[in-house]
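What follows is the residue order along each chain.
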Amino acid sequence: MTELAAVKAALKTQAVETPSWAYGNSGTRFKVFAQAGVPRNPWEKLDDAGKVHEYTGVAPTVALHIPWDKVDDYAALAKHAQQRGVRLGAINSNTFQDDDYKLGSICHPDATVRRKAVDHLLECVDIMDATGSRDLKLWFADGTNYPGQDDVRERQDRLAEGLAEVYERLGDGQRMLLEYKFFEPAFYTTDVPDWGTAYAHCLKLGPKAQVVVDTGHHAPGTNIEFIVATLLREGKLGAFDFNSRFYADDDLMVGAADPFQLFRIMYEVVRGGGFTPEVAFMLDQCHNIEAKIPAIIRSVMNVQEATAKALLVDGEALRSAQRAGDVLEANAVLMDAYNTDVRPLLREVREEMGLDPEPLKAYRASGWASKIVEERVGGEQAGWGA
């Protein structure tokens, strides 16, 4: 197999999981702008997700968020997904919206609130059993706003205790993915603020616990690709939440702020052996003012482009320059791959997969956008309020 053929073959195996909540109304803590044609329930979210996969060919799974996507019959929901050409993916918990969680969830000083939070996480594992999902994704808004508000070390003890109980509930083939975020909504301390904290807890829990790298959850200037390389080296990188941000956590389309950073991250994934199903590529975006489905398609395409460039890096030339201490040549090898226009290559890949080479144009020409605006009248649109 030629080098180009190998790159094409790898791109055809790529899978990017889309988030159910990105199809609904979403925004910032200040305002959620409603859009016509937005899904009214999880079933319609899967209808839209099916369209993204239909036109990209690489978005075969959809992450659910509980309780936003709670239904009475998860087997029926899974069947509906299958009929739309997709599968149900990671189950995301929600321990941040109830009034009880004002001072935290599994790190809360009140044992009753902690019990409520852990019970919700256990319920999410029950849903995983029903849907056949592999991954339980955890993000906690827990933290403090003022020095002295709570005992920082005790909060870590409570976190460890709650995670351990949920970990023990996981079945064969199931994983716990722990996400981190360096601030927001807590302003003084966050209980899982960085990859080191997440890694420490996952290491103690065991092999079923892995770290999630959300590309928007870092301070400006953080070298995310170093974090990716380190977690891959330690066998603890479980998933990505791909999005983009300019200042803080904006959850913009993937690659919107710094496509070069996305390329560097994807190079470390390829270099470190992370381009496998064991590392889940997920989107976690908050489409505030842009159209939902086209924005998701665009993000999937951005991930594809960064991946294609990463796969084109001349590894032997790079290693040769590195061994020789040739700083400029080593950098040039990376830059040559990054500056390659991979859009013609990806058009070829899509055609070979039986897809339209231009996913966005194909979607716009399909009439789906006008169809859902006409049909989704009445009921309550899915989303979260602000």
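Here the residue index of a chain counts from 1 through its sequence in written order. Where local features are concerned, this predicted model is filtered to residues with pLDDT of at least 70; where side-chain atom pairs are given and counted, the filter is 80 or more; whole-chain, interface and lining totals use all residues. Excluding hydrogens and water, the side-chain figures rest on all heavy atoms present in the structure.

Tracing the sequence through the fold places tyrosine 180 in the loop between β6 (175-179) and β7 (189-190). Relative accessibility decides the category of a residue: with a 1.4 Å probe and only protein chains considered, values under 20% of the type maximum give buried, values over 50% give exposed, and everything between is partly exposed. The buried category is assigned to tyrosine 180, whose relative accessible area is 0%. Sequence separation between tyrosine 180 and lysine 70 is 110 residues; the distance between their C-alpha atoms is 24 Å. A contact between two residues is defined here by any heavy atoms of the two lying within 4.5 Å. Apart from the residues within four sequence positions on either side, tyrosine 180 is in contact with Val192, Pro193, Asp194, Trp195, Ala198, Val211, Val212, Val213, His217, His218 and Ile227. Helix and strand definitions here come from DSSP, where helices need a minimum of 4 consecutive H or I residues and strands a minimum of 2 consecutive E residues; each element is numbered from the N-terminal end.

Here a helix's expected span is defined as the number of its residues, less one, multiplied by 1.5 Å. With 21 residues, helix α4 (residues 111-131) ought to run about 30 Å at 1.5 Å a step, and its terminal C-alpha atoms sit 30 Å apart, in line with that. Among the residues making up α4, those that are buried are Val113, Ala117, Val118, His120, Leu121, Leu122, Cys124, Val125, Ile127, Met128 and Thr131. Those residues of α4 hidden inside the fold are in contact with α3 (74-83), β3 (87-92), β4 (135-138), α5 (152-169) and β6. For α4, the capping residue at the N-terminal end is aspartate 110, with a side-chain oxygen 2.7 Å from the backbone nitrogen of threonine 112. Taken from the residues just after α4, glycine 132 is the one with a positive phi, measuring 80°. Under the rule applied, a polar contact is a pair of N or O atoms within 3.5 Å (in protein, one hydrogen donor and one hydrogen acceptor; residues adjacent in sequence only if both atoms are side-chain atoms).

With that settled, the discussion passes to helix α6 (residues 195-205). By the burial criterion, the buried members of α6 are Thr197, Ala198, Tyr199, His201, Cys202 and Leu205. Check the buried side of α6 and you find it contacts α5, β6, β8 (209-214) and α7 (224-233). Backbone geometry just after α6 places glycine 206 at a positive phi near 135°.

The parallel closed barrel is built from 8 strands, whose spatial order is β1-β2-β3-β4-β6-β8-β9-β10. When strand polarity is set aside, the average angle formed by the axes of neighbouring strands in this sheet is 30°. At least two DSSP bridges between two strands are needed for those strands to be called paired. Bridging between strand β2 (residues 61-65) and β3 involves 4 bridges; their strand directions are parallel. Counterpart to histidine 65 in the pairing with β3 is asparagine 92. Structural elements are reduced to axes, namely lines fitted to C-alpha atoms, with helices fitted over the stretch in contact, and the angle between N-to-C directions of any two is expressed from 0 to 180 degrees.

This next bit is on the nonpolar core. In terms of nonpolar packing, the biggest core is built from 88 residues, with Ile106, Phe140, Leu163, Phe240 and Phe242 touching the most fellow members. Of all the elements, α4 adds the most residues to this core, at 9 residues. Setting aside chain neighbours within four positions, we find isoleucine 106 in contact with Arg114, Ala117, Val118, Leu121, Phe140, Asp142, Arg158, Leu159 and Leu163. Counting 9 residues, the second largest nonpolar core, distinct from the first, contains Ala308, Leu311, Val342 and Val349. Only buried residues count toward a nonpolar core, which is a set of Ala, Val, Leu, Ile, Met, Phe, Trp, Tyr and Cys residues joined through side-chain atoms within 4.5 Å.

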